[in-house]
Each structure stands twice: as structure tokens, then as C-alpha cells.
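# A structural walkthrough
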Amino acid sequence: MSGLMNPTATATGHGRFTVVPARHPWRWVAGTAVAAVVILLVISALTNPRFGWDKVSLYFRDVAIVNGIGITLFLTVVCMALGVGLGVVLAVMQLSANPVVKASASAYVTIFRGTPVLVQLLFWFNLSALYPEITFGIPGVSLDANQLITPLAAAILGLGLNEAAYMSEIVRAGIQSIEQGQSEAAGALGMSRIQTLTRVVLPQAMRVIIPPTGNEFIGMLKTTSLVSVLAVPELLYSAQIIYSKNLQVVPLLLVASIWYIIITTVFSIGQGYLERRFSRGTSRTVPPTPVERLRKFFRVHSPLATGKGNAS
Amino acid sequence: MSGLMNPTATATGHGRFTVVPARHPWRWVAGTAVAAVVILLVISALTNPRFGWDKVSLYFRDVAIVNGIGITLFLTVVCMALGVGLGVVLAVMQLSANPVVKASASAYVTIFRGTPVLVQLLFWFNLSALYPEITFGIPGVSLDANQLITPLAAAILGLGLNEAAYMSEIVRAGIQSIEQGQSEAAGALGMSRIQTLTRVVLPQAMRVIIPPTGNEFIGMLKTTSLVSVLAVPELLYSAQIIYSKNLQVVPLLLVASIWYIIITTVFSIGQGYLERRFSRGTSRTVPPTPVERLRKFFRVHSPLATGKGNAS
Amino acid sequence: SLDAGKESAVSTGPQDTIPAAAFNKAAADLLPADVKARGTLVVGTDPTFPPYEFYADDNKTVIGWDADFAKALGETLGLKVTMTPATFDTILPGVSSHKYDVGISGFNVTDERRKNADFAAYQSSGSGLAVKAGNPKNLSLDPMKLCGTRVGGEKGTTQGIETLPAFSLQCTDAGKEPIDIQLFPSQNEANLALISGRVDSVLSGLIGTGYASKLSDGAFELAGDQDYDPTPVGIALPKDSPLTASIVAAVKSLVVSDTYQQINTRYGIPQTVTISADAVEAGASR
Amino acid sequence: MTIESINATGQVPLVRAQDVRKSFGPHQVLKGIDLEVSSGEVVCLIGASGSGKSTFLRCVNHLEKIDGGLLWVEDRVVGYRIKGDKLHEQSHNEICADRTDIGMVFQHFNLFPHMTVLENLMEAPLRVLKQRKDEVRRRALGLLEQVGLEQKAHAYPRHLSGGQQQRVAIARALCMQPKLMLFDEPTSALDPELVGEVLRVMKDLAKSGMTMIVVTHEMGFARDVADRVVFMHDGRIIEEGAAETVINHPQHERTRAFLSAVL
Amino acid sequence: MTIESINATGQVPLVRAQDVRKSFGPHQVLKGIDLEVSSGEVVCLIGASGSGKSTFLRCVNHLEKIDGGLLWVEDRVVGYRIKGDKLHEQSHNEICADRTDIGMVFQHFNLFPHMTVLENLMEAPLRVLKQRKDEVRRRALGLLEQVGLEQKAHAYPRHLSGGQQQRVAIARALCMQPKLMLFDEPTSALDPELVGEVLRVMKDLAKSGMTMIVVTHEMGFARDVADRVVFMHDGRIIEEGAAETVINHPQHERTRAFLSAVL
Ligand SMILES: Nc1ncnc2c1ncn2[C@@H]1O[C@H](COP(=O)(O)OP(=O)(O)OP(=O)(O)O)[C@@H](O)[C@H]1O
Ligand SMILES: Nc1ncnc2c1ncn2[C@@H]1O[C@H](COP(=O)(O)OP(=O)(O)OP(=O)(O)O)[C@@H](O)[C@H]1O
Ligand SMILES: [Mg+2]
Ligand SMILES: [Mg+2]
């Protein structure tokens, strides 16, 4: 046996053998093909005068565009906050024991998820067309819907209430993903249902809730463009207003798109860190960054060789 | 002790004591309040002439509306199919070991998730404004973008490719939710990576994938209305065209909304059954219907008293 | 202005080059008491319709022909005017629900619209056909020449919902191919589709189309200069509104004023669209 | 015996079950359990899988609602307020308040994975009992020392071995200063080497005079520590007595079969 | 000894590890393992938690890639093709093909929860070996009968007890007709009562002549069934020999300490 064991072999050697790493020709063909296509597309876009890159740089920091970004961000943040808050309430209501509460929550979700958000925006904006005076059935009270609901308020109501319906489904799935044992343990410690929810279940559910909420947030960023029907000039509508004047359609859409990509990217990075934050204590080692986590699953040589859980 | 044990007490008796069930006054106050508000809103909507219910029933089965529904359903199904299929591929690519493949998938997701779908639709529809002739850099090849990409094709490309970016994130989360042990076991049986994915990981991941995909599907139903910029008259746009003629804005929006709610509801029921189908084997007893599942979590009297897993 | 070169095609010089309109006491006296007391007139308008109304570079201030005219109307009645942006579809419902006192947004006065609102006409203008530069298909506003072609329009415009279907009917009656009518949500998408060759022509209001083709860098142009089937353009008022009388009186005095002419000049609007004082009310009650 | 007489006698049993019954749907899991546990006593509950041991333990803590019979912990009827001869169902808040007197340790530890060990211990005393933070902290650290884990105070549960996790779970329950501790197979999810360290902590606890009901398969522990061993079979108690007697000289045939399988 | 000589000798050991090393990051888990397992032999791997038993087993099946040394299963080097004095890394497909000869049973069963018991057994023979369906079905049913679960063929894993699940996992591995079976603590996640039924199946398997490497804490099983017991400590084999010798007369102090804790 000693014939095999090369005395000079290091701890990482394989005796007298030289290791030839596996080649993955198809992988590289595919990779190169994809890269080539991407590079060609980028070059053709950059050199095509019809994309109007000079106009893009001209309008990129146009004051109207920048104001539009402000409105987009403001609406996205406010509406998501409303959506998440109300979504949690609705999720808990849907899981409630009270049939009336539960049915109301389900009805809410059905109606708000079921109708186009555009219709909802128009509904709030034109509430006064349906109810010129809001009396709440109380004599003496008579409010003017138009004064009560400004265009911005209509936008927030329309987008936020709609988002709540979607968020409630996400939160519900998150709550249900936490194993019973956790709420049992909390219950056995005398924690009330609210405490169990806010201190034990939700913080753990965040791991499941955050990724689809990220999708929702990024979706909302773009959905805010629907408020153009209320003549609230957010990012995309600002670009549209400008090109409706000067017909520079393509450059202005590019300006808007680039800004959306920038915001989305910044947000995605933030989401990665949030995910890391809430994965605290769920893995054996220090929680990996999102990139590391992805890498783990399908590794090159030992696809199944990550030491999670069952190997211990 | 026998003094306590009422000899006539049944198996469900409590000796000489009579049980007084707990009252939940606040629950009923809240429930009644919610119900009252809902009923008032429904009544006020039904009796308000401004909602134009007679017009609603008039236009409910208008031929333009019905055609619009057809287009909406067709686009939704086709684009979701494209989105799910490509989304799975992208998710796997993102989890791949090949850095080029991985970076391409990430770039795809960033760009398509990052730009407004409206911009993407306009891009595909007006591709010939950017590239009057598509040559692929090959001499002799010269294709007309307008013939290559019909309006419907542009709609499918725009919505489907965008959806794929969102779906890939959902699928990725689903794949990552399956514990390593499963793919290890499959690997130990000699199953290849593709087999492991399609036979072991994905069928289980479906449980996590389906609910947010349901959200996406319902979202897509409404997002199809954006194809109005390609002059493709789906449900909402059909309604808008009609009311732009006759100014019956509210009734026609109601018609569209009711149709959307109907489609959404039918779909949600289908989703429930799909969820049941894929929860096969994950619970000890027969998989409960969606409704039963909700009920289980927050039960009235014994909130923590469901016999899942840990009680055994 | 970022695009000063192009916008000079239709001069939008400083606001104050237009002389203030004269105050018309008779018309002002007809104002309902509440409006008079308020001192403002709330105008609903869709500022994506140059040159009638569009945003200034700040994307907030509404400018354009209608804005100048509304300001002049205010001066005539002694009111301050607030231009409130909205989408075209929602202006008429907004007027009926008193969200806006009036709607001034280049409204063609149609029968369908008059079922829901009253109008005070201030202009009479027809349709124009935009075609690709050089008019390769030799199209014109003769319906027979449009048969079998793809014509774009804007949802909600008279051209889109009345003129084009009528043309198409003429085609089929004559045994020809119908017109492939494609309605876009706004003029922008229609123009873009024309540039990319998705449609062969776009039929819409002459003045807007003319303005757009001047801006299009030669990408498209008007097919001839015909002003097809002029129809009144008017101020939308709630049905049987107490406001109507005073607005009509004010517009009557405005259309014969110098201010009116100067506004037209400023936006390069041809003389053919001007109307007489008699036509103001005729537009409303026709 | 009546409620009044129970309150009158000085030596009240800490736990008293009378004909406790519990069904899941059509399946009756507890078919009438009678059991008394005195203050300071350690009772081991043994029996085959499915015999209802866990279910009974969960009933004591009102994690399950019983269908029949009565269950007292101290002078309170679990799940009810007594008014005359009426049993008023308790509200959720009352149930929660009652549970604070009872510590429970689960087979799968059920530590809160997103909190450090110290946070796990301090959570309930702070939020439920609303005790002062520095006081709770001092007590928690003391308990961690008792279970030999003072260095792990700031670790997350996932970074601990199973045995360490179970010791944390015990410390967490003790941090509420309960009068009664329930253990549901506290060592059966552990590697054999780790079982010892948990049993040692439980032994110390028993010595300190804590009243304990322990479901376990560890006969060595039962023999050494239990004052009484109770054998359950199919929802009934079919044999009980001193540990030595039941384990070494089982009377009932079922007990004998069970013990020969486990020992 | 060279490759050629190994192929030449009639009695080739089924598994041969030579100075096998494996690190996870900076942490070296296997520090040079030398081991031979002959055809038909049953080897029990024992040792404290973290000593590297599982890691070694996973290396044999190429679930982990080794960093140093060589590992043969039959005449193949695990993870490489030999050409002259070059080791070519295997492609994924080749690795998969090699694994079909080795059955593996995990501590947590890892049955596919979305498939019935029968589907669990038939999946790999059908998809990987592309065998005929009726043939596979017959074999699967036969194996289920062997492990005493013919009635559960159409049940889902969740509806089985732990012991039943583990027996299914064994049958699933056997359904691939492997030449070697690896067991990683097959009974340590089971209730004590359920351990027996799994060990009985393993005993039968050993009697039938299957080559087995078993990581276990069940010394009774090791004594009865193992031809050889191997004690691992901190990534090294520090004692090996006949089961009786190692268990009853351990030489090394570490072995003694470990056995006294486990027995
Ligand atoms: N994928 C991995 N990544 C990092 N460390 C790992 C990985 N797998 C195992 N380890 C570490 O390697 C060491 C040996 O692990 P291994 O699972 O082989 O031990 P074992 O002898 O099987 O112990 P046990 O009885 O707990 O199963 C442990 O310290 C473990 O934490
Ligand atoms: N929530 C529940 N719903 C339905 N059946 C249940 C529930 N909890 C327990 N059971 C059933 O009640 C019976 C007794 O269960 P229990 O958990 O009390 O047994 P055990 O004696 O603790 O057994 P083990 O040793 O397996 O823990 C079992 O048949 C179990 O399946
Ligand atoms: Mg139990
Ligand atoms: Mg191990």
C-alpha cells in the first residue's frame, strides 16, 4: 500500500495521481452564447441613434423627472406601509375564529384583489360622482367628498387598500409556515395570542414574507404609474408628459426605465440585508449573504454537499 | 370523591357542574359593527341611482365585453404559462454554478423586473421604430419587425417575459424551502440534478410556490389591461372604449369589475384545489380544504390545540 | 426650455404678451351667487393634448390654447381660474359631480356628450390625417382611400368613435375592405404606432395632429390641409347649470375680442376655426 | 369531597384529575384519568406510543380542552371559573394567566430560533409577568449557570447541541418561577450521549423540591428520581405506585410487556 | 500495491479508503482515514458526535468530495476516472451512475413525502435505471413484504410511524439492488420501542450477505451483527477489530470513555 502513498504528498494530495478537473464544454458554450447575445444587444442599443442617448442624458436629471421620482417613492413607501399594516390585520382576521370577522376579511380580499386597481383609483377619485355628499347617515353631517379626498389621498387609498389584499395573502402564508410548536411554546409560557403573534410568529414568518413582499414593493413602484389617471405626475407619467410635448418617446421611456432599474436595484440590495437580518438564528453558522445562499444549493462539483441540518 | 362524580354524568359531563360557555362580547360588537358597515355600503350602492345598475345589466353581456373577456383570459393564461416556464428556467439558472449563466439570469431579472411593463409592451410593439429591419448581423437576412411581432405577440412577449422575472423569484424561494435532505436522498439514489428538480424538489416546492403564483395570476388578469397601449381591446379597455363613447363611466367600470371578480373567484377556487392536490402527503390525515386549513390555526377555545407534528 | 428649437414652431412666448380680456359686467352679473362669492372658477382639463393644453416644463403649470382662453374667460367674468389636471375620460363625470365647475379640454361637442353636459362653443375645428413622411400609401381623408388600411385613433375622440366607424361603413357599403381601426389610450401611443409602421395613418383633431407633425422631426406629416367636417369645440358645463348663462355670455364677448385672435396666433391656429358669437350658443343647443 | 372541602384541607394536592376525558373527533384518547400529584412530588408517566401521555400533559396546561371530568391545579379548575355549581369558561387572558404557574418542556425544545438564549429566557417574564428587566436578567443568568450554559447566553439556539437546547428550554420554563413543571419526553429527541446532561439537570430540579410530571422512556431516571410511576395504556391509568415497585415488579401484563421492550 | 494489482487479485475489497481527508473550510473533519471493507462484511462505525462518521459515509457515496487520499468502491475510484497516472474528475452523470450501486439510509429517513410508499420505492429504478415498470413493481412489493409493510404500499410516508418510515427507506435503497449499503444512524431518530423493528430488518439484510457500513449507537446490534467495529475519534480511526473485542475489551482510553457513556 505504501507504493501508492507518495511520501511527499500533502494533506490535500491524492497520492501519485494528478487530478484533472472536469471540463464542462456545454456549460461554456451556453455561457458564451448568452454572453455574446447580451453584448450584441447592448452594442446595438448603444449605437442605434433611434434610442437617442443624447436626449436620455439631457432629460435624465430634468427637474420634472426628479420630482416624479419623489412622488413615486413617496407613494410606494406610503402605500406599501398601508398595505403591509392592513395586510397583517386582514391576515389575522382571516385566521380568526369569529365567522363575521373572517367573512369580512375574505370579502375584502376578494373584492380588492378581484377588481382592477385602476377602477379602484377611479372610484376613490370620483367618489363625489357617486356620493356628492358624505353623510354617514348622521343628520347634520355633510362632507364634500372632493374636499375629503384629494388626488393624493385617492392615490394612497386606491393603491394602499388594494395592496393590503395582496399582502394579506402573503402574510397568511407566512404565518402558516411557522410550525405549531412555536405558538404552543409561547402559549405554554402564558403569552397571549397577540404577544405570540407579534413576538414569536411574525418575526419568524418574516423570512417567508419578505421575498414576495419584495416582489410586491417592486411591483408597487411601477403600479404607482396608474395614478396618472388622477393626474398625479409620478416618474413614468412625468416622462409621458414630456414626450407628449416633444415626441421624444423612446429617450424619455429610457430615462424612466433607467431610474426604475436604479431604484429597484437599490431596493433589492436592501431587501437582501433585511432577509439576512431575519434569518438570524436559523442557520448553524453566521447567516450568509443572499448571494452566498444561492450559491449553496446547486454547487458545481458536489451539488448535494451542503451541511445543512440533516448531516448532523 | 364519589360525591363529585355524578353517577348519571355522561362521558362528556363535568360532574355536578353546569358549564357556562365563555362569552366574547367584544368579538360580537366588532363583528356586528363590521357587518353593519358592509350591509350599509351594499344598500347604499344598490339604491344609489348613480351606480346605474340598469346600465350594468344592459352592458353585462355586451359582445365587446365578452370578446374582451376572451382576450383577457387568453392573454393571462398564455403569459402566465410563458412566465412560469421561463421563471423556472431562470430560477434554476440563478442557482446554477456557472457564473455566466447565473449573471445572465440575474441581469434578466433585474432588467425585466426593474422596468415598467408598460415600457416593455411599448418596446416590443414599436420595435420597428428602433430597428426598422432586423438583420441579426447576417447579410441577406432582413426581417420586418412588424411582421415578426404581431400586436398579440408583442403583448405576450411584453407580459410574459416580465412575468418570468417575478416568477423566477417565487420559484427560487420555493426551491430553497425544500430541505437539503430531499435532494440528498435523491442524489444518493443516483437521480440526476434535473430528475431531482423535476421529480423531488419542484413537486414539493409547489406548496410554497402556488399561493404567490395565485397572486401573480390574479395580478396578471388585471395587468393585461395595459395592452390597451397596443390597441388590443381586452376586458377593461373594451369597457373604457364603450364609456368613452357613451360616458356611462360608472356602470361600465362596474361591469368590468364584476367580471374580474367572477374570474378571480373561479380561479381562487381552482387554486384551493391545486393547493390541496400538492399538499398530498404533507399532513398526517387527508389534506384539508383551504377553508379548513385556515380554521385550524387560530381556533376559538384552544388556539394552540391542533395536533400537528410536535404533539406526537 | 429644453426643446426651445422645436417649440418655437408654435410660439409659446411669455404669458404676458396676451393682453388681458375686458371685464364684462353683464356676464359677471349672471354668475350664481356662490361662484361669485368664491371668486374662482375650477376648470378640469387633460394637459396631454398640445397645443390645447399641456404642462409647462415644471410638469405642474397647465399652459396652452385652452389655458390662455380660460384665463381670458376668467378676466371677462372677474374670476380667478384654477386649471385642475385630470384624465380626459374623467372630466365630464367630474363636471357632473361638481368636482369641476367647467371642463375646458378641447371637447368636440357631440350628441352623446350633450346628453350628459351642456356646452359653450368657442371654436370649430375638424379632423386631420397624419401619415408617414412622404405619404407613401397616398392616403387622404377620402374614406375610399382608407379602405383596407390600418388607421389609428385615440380612444374617446370623435374621430375614433364616430368618424372612423362611419368611414369603415362606407367602405363595406361600397364592397371594399373595412378599415382596420386601432384605438389607442392616448395620442402618444397612436403617433408611436404610426412611426413604427403599426398603422398607416392616424386620424384625430386637426390642430393637435398638425402640432404633433411639426414636432415629429419629419417622421410623419399631415395628409393635405383639409379640415374635415368641422365640429364645434366647447366648454363643458353641468346639465342645466346656473353657470351656463354667464359662461355663454362671456364666451360670446370673447370670440369677437382681440385677445381671442392673439391666442390663435400664438399657437399658430388657422383662422378657419374661429366662430361667430352666434355659434357659441348654437354649439350648446344644436 | 366538594370544592369547599378541598379548599379547607391543608394538604391540597397540586394537581388533581378526576375522570378526565378527551376525544379528537371520534377517537377517544383519554378515557377517564384519575390522578393526584402532591406538592413536591415527582411523577413519571410511562406507556406505549399513543396511550395518551402527551395529551394528558397538555390538558393539565390547557393546551387541550378536556371534554369530561375535572382537572384542578392548586385550587383552580383548569379552564373554568367556579360560581356556585356553574363552571364559567375562562377567557383567553385568564387561561394565559393560569399557565404562568406551570412550566412545560417539549420533546422538540421549541426554543424561539430568532432570539438568543438569554432573550428566550427573558421574553415571557418581561412581557407576560411584566417583571423588571434587571431582575429578570439576573434570574435568567443564574438559571443558565444552574444548567451549565452561562457561556451560551448570547448564542442562538441553532448553534447549540440538542442537549444544550433542551437545558435552555428547561431554564426558560423555570424563569417563569412555576409551581409545577411538565416534561414531555424531554430526552427522546436527543443523541444518547446528550441524554445524561439533561437528566442531570432534571434530577437537580427534583431534588430542589419542584413538583414534576415527566413523560419519559428513561427507566433509569424514573427509578432514581420518581416518587411515583404511572403506567398509561390506551387512555387509562392501569398501574401506578412507587417507582421501584412498578418498574421491578409490574403487576399488569401490559406493563410487563412494555417494560421488557423498553428496558 | 498499484491499481493493476488491485484489479488482478481475486478478493478485491468492496470499499477501500486510503488516507481520506476532508475539510469544511478551515475545519479538517477527516484527518486521514484508512479502511477496507470486504464483500459481504458488516462494519459498524462508532464514535462521538462530530468525530466525522457521517462525513466519511457521505464521502463513500460522493455526497462530499474528498480533499485528499483515495477512495475505491469495487474497482472504481470514487469521483474520478483513472487514465494513466491522471485522475479525471467525473462528470455529474458519471457520479450519478456510480451511486446506483450504493444504497444509503439516512437518520431522518428523507422519504419523498409527496409520493406513496410504493412510488418512493419505484421512482429511482424507473427513472435512473430505466427498468421495466412491472418488474420494478414486483420487486418493490417483494421488498415491502420483506420489511413487513406490504399493507402500506399506498400510504404516504407521513401516515407511517418513524420505524415504518425507516423500513421503507431501507426498502427504497434496496430496490436499486445495490452492492453496498450505508446506514447513518438509522435508529437514532426513533422512539425506543420502534428501534427494534428497524434493527430486525437490518439484521436480516446482514444475514443475506449484503455488505454494510453502519454508523450506529446501538451496541447490541453491533455486537450481534457486525463483523468488525471501527471507532472514530476526531477525524481518525483510533481502534478497530472484531465487535466483541472492541466493545468488551476496548484498548484505547477514548473508546472506553465513549462506550461507558453509551452502554
Ligand atoms: N457541510 C458542512 N459544513 C461545515 N461543517 C460540517 C459540514 N458537515 C459536517 N460538518 C462538521 O464536521 C464535523 C463532523 O461532522 P459529522 O456529521 O461527520 O460527525 P458525526 O460523527 O456524524 O457526528 P454525529 O454523531 O453528530 O452525527 C462536525 O463538527 C460538523 O459540524
Ligand atoms: N390534535 C390531535 N388531533 C387528532 N388526534 C390526536 C391529536 N393529538 C393526539 N392525537 C392522537 O391521540 C393519541 C394519543 O396521542 P398522545 O400524543 O397523547 O400519545 P403519547 O402517549 O404521548 O404517545 P407518544 O409516545 O407517541 O408521544 C394518538 O393516537 C394521536 O394520534
Ligand atoms: Mg407524546
Ligand atoms: Mg452523523
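Rules and cut-offs
Residues numbered from 1 in each chain as written. Chains lettered and ligands numbered in written order. Predicted model: local features only at pLDDT ≥ 70, side-chain atom pairs only at ≥ 80, totals over all residues. Heavy atoms only, no water. Helix = DSSP H or I, 4+ residues; strand = E, 2+ residues; numbered from the N terminus. Rg over C-alpha atoms; globule rule 2.2 N^0.38 Å. Buried < 20%, exposed > 50% of the residue type's maximum accessible area, 1.4 Å probe, protein only. Contact = heavy atoms within 4.5 Å. Areas by Shrake-Rupley, 256 points an atom, 1.4 Å probe, with all protein chains shown as cover. Lys, Arg positive; Asp, Glu negative; His and termini not counted. Charge placed at Lys NZ, Arg CZ, Asp CG, Glu CD. pLDDT = per-residue confidence, 0-100. Disulfide = S-S within 2.5 Å. Least-squares fit on C-alpha atoms with pLDDT ≥ 70 in both. Buried area = accessible area lost by both parts, 1.4 Å probe. Salt bridge = Lys/Arg side-chain N within 4 Å of Asp/Glu carboxyl O. Polar contact = N/O pair within 3.5 Å; in protein donor to acceptor, adjacent residues only side chain to side chain. Nonpolar A, V, L, I, M, F, W, Y, C, P; charged D, E, K, R; others polar. Pairing = 2+ DSSP bridges. Expected span 1.5 Å × (residues − 1). Arc of directions from axis to C-beta. Core = buried A, V, L, I, M, F, W, Y, C linked by side-chain atoms within 4.5 Å.

Broken down by element type, chain D carries ten helices and twelve strands. Computed over C-alpha atoms, the radius of gyration of chain D comes to 19 Å, within 12% of the 18 Å expected from 2.2 N^0.38 for 263 residues, which places it in the range of a compact globule. In terms of its C-alpha atoms, chain D occupies a principal-axis envelope of roughly 50 × 50 × 40 Å. The buried share of chain D, reckoned over its 263 residues, is 61%. When contacts within chain D are restricted to residue pairs at least 6 apart in sequence, long-range pairs at least 24 apart make up 64% of them. A total accessible area of about 10,100 Å² is found for chain D, and carbon and sulfur atoms account for 47% of it. Within chain D, one finds 32 positive and 34 negative side-chain charges whose respective centroids are separated by 4 Å.

Secondary structure summary: chain A contains 13 helices and three strands in total. Burial statistics for chain A: of 312 residues in total, 55% are counted as buried. Taking the contacts inside chain A whose residues are at least 6 apart along the sequence as the reference set, 70% of them involve residues at least 24 apart. Carbon and sulfur atoms provide 71% of the accessible area of chain A, an area that totals close to 12,800 Å².

So, about the confidence of the model for chain A. Residues and elements named next belong to chain A. When pLDDT is averaged along chain A, the result is 79, and 83% of the positions lie at 70 or above. Predicted confidence in chain A is weakest over helix α13 (residues 290-297), with a mean pLDDT of 46, and strongest over helix α3 (residues 63-94), with 93. Residue range residues 283-288 is modelled with pLDDT below 50. Its contacts to residues more than four positions away, or to other chains, number 15 contacts. pLDDT under 50 marks residues 293-312. Its contacts with residues more than four places away, or in other chains, come to 63 contacts.

So, on to the state of the cysteines. Note on terminology: disulfide describes a covalent bond linking the sulfur atoms of two cysteines. Inspection of the entire model under this criterion finds one disulfide over all chains. Just so you know, C96(E) is unpaired, no disulfide at all, and the nearest cysteine sulfur is the one on C59(E), 17 Å from it.

Moving on to the relation of the copies chain B and chain A. Put simply, the two copies of the chain differ by a rotation about an axis and a shift along that axis. After a rotation of 180° and a shift along the axis of 0.0 Å, chain B superposes on chain A with an RMSD of 0.2 Å. The relationship between the two copies is best expressed as a two-fold rotation axis. Judged by C-alpha distance, P212(B) is the residue of chain B that lies nearest the rotation axis, at 3.5 Å. A shared interface surface links the copies, since 97% of the contact residues of chain B are contact residues in chain A too.

Every contact between the two is made by 77 residues of chain B and, on the other side, 76 residues of chain A. Summing both sides of the interface, chain B and chain A together bury roughly 7,300 Å²; the carbon and sulfur share of this comes to 62%. Our count for the chain B to chain A interface comes out at zero salt bridges. Seen at the junction of chain B and chain A, the total is twelve residue pairs in polar contact (both at pLDDT 80 or more). Split into classes, the residues belonging to the side of chain B that touches chain A amount to 37 nonpolar, 25 polar and 15 charged.

Once that is clear, we can look at unusual backbone geometry. Where the residue is not glycine, phi is negative for most of them; where a peptide bond is considered, it is trans in most cases. Residue and element names in this part refer to chain C. With omega at 0°, the peptide bond leading from P50 into P51 counts as cis. For P51, the location among the structural elements is in the loop between β2 (48-49) and β3 (53-55). Within the chain, N138 stands out as a residue other than glycine whose phi angle is a positive 55°. Examined against the element boundaries, N138 turns out to sit in the loop between β7 (117-132) and α7 (143-146).

A few words now on the environment of G235(D). Residues and elements named next belong to chain D. Here G235 is to be found in the loop between β11 (228-233) and β12 (236-241). Since its relative accessible area comes to 0%, G235 is described here as buried. Along the backbone, G235 and L121 are 114 residues apart, and their C-alpha atoms lie at a distance of 34 Å. Aside from chain neighbours lying at most four places away, what touches G235 is V29, L30, K31, G32, I33 and S51.

Let us now look at the sheet that holds β3(C). Residues and elements named next belong to chain C. Read across the sheet, three strands follow the order β2-β3-β4 without closing on themselves; strand pairing throughout is antiparallel. Each edge of the sheet is formed by a strand with only one pairing partner; in this case those strands are β2 and β4 (62-63). Bridge count for β3 against β4 is two bridges, and the pairing is antiparallel. Within β4, the position partnered with F54 by the bridge is I63.

With that settled, consider helix α5 (residues 133-146) of chain D. Residue and element names in this part refer to chain D. Over its 14 residues, α5 extends 20 Å from the first C-alpha to the last, a length consistent with the 20 Å expected when each residue adds 1.5 Å. Of the residues making up α5, those classed as buried are V136, R139, A140, L143 and L144. Summarising the axial view, the buried residues of α5 lie within an arc of 140°, below the 170-degree limit, and thus occupy one face. Exposed positions of α5 whose direction lies more than 90 degrees from the buried face are R138 and E145. Elements that come into contact with the buried residues of α5 comprise α4 (117-127) and α6 (162-174). A positive phi of about 75° marks G148, the residue just after α5.

What follows covers the nonpolar core. Judged by nonpolar contacts, the single largest core of 130 residues is most densely connected at L73(C), I235(C), I247(C) and V251(C). The biggest single contributor to this core is helix α8 (residues 151-177) of chain B, with eleven residues. Non-local contacts of I247(C), meaning those with residues more than four positions away in its chain, are made with L41(C), L73(C), L77(C), V102(C), A120(C), I235(C) and L237(C). Formed by 76 residues, the second largest nonpolar core is a distinct cluster that contains A205(A), V232(A), I69(B) and Y243(B).

Residues and elements named next belong to chain D. In terms of burial, strand β10 (residues 211-215) is a largely internal element, five of the five residues being buried. On β10, burial covers both faces: T211, I213 and V215 on one face and M212 and V214 on the other are all buried. As defined by bridge partners, strand β3 (residues 42-47) adjoins β10 across four bridges and the pair is classed as parallel. Looking at β10, one finds that C44 is bridged to V214. In the sheet, strand β9 (residues 180-184) pairs with β10 via five bridges, with the strands oriented parallel. Across the sheet, the residue bridging to M181 is M212, located in β10.

Attention now goes to the environment of K222(B). Tracing the backbone shows K222(B) in helix α10 (residues 193-223). Using a relative accessible area of 9% as the deciding quantity, one classes K222(B) as buried. Taking the C-alpha atoms as reference points, K222(B) and Q248(B), 26 residues apart in sequence, are found 21 Å from one another. Setting aside residues up to four positions removed in sequence, K222(B) forms contacts with R113(A), G114(A), T115(A), P116(A), Y166(A) and Y260(B). Among the polar contacts listed, one links the side chain of K222(B) to the backbone oxygen of R113(A), at a separation of 2.5 Å.

A word on the pattern of salt bridges. Inspection of every chain in the model, using the stated rule, returns 52 salt bridges over all chains. Its salt-bridge partner being D101(D), residue R76(D) comes within 3.5 Å of it at the nearest N-O pair. Placement of R76(D) in strand β5 (residues 76-77) and of D101(D) in the loop between α3 (92-99) and β8 (102-105) is noted, with a sequence separation of 25 residues between them. Its relative accessible area of 22% is what places R76(D) among the partly exposed residues. The shortest N-O distance in the salt bridge between K179(E) and E74(E) comes to 3.3 Å. With a gap of 105 residues between them, K179(E) in the loop between α6 (162-174) and β9 (180-184) and E74(E) in the loop between β4 (68-73) and β5 (76-77) connect regions that are remote in the sequence. According to the relative accessible area criterion, K179(E) is partly exposed, its value standing at 40%. Here the salt bridges share partners, and the residues they tie into one network are E74(D), R76(D), D98(D), D101(D) and K179(D).

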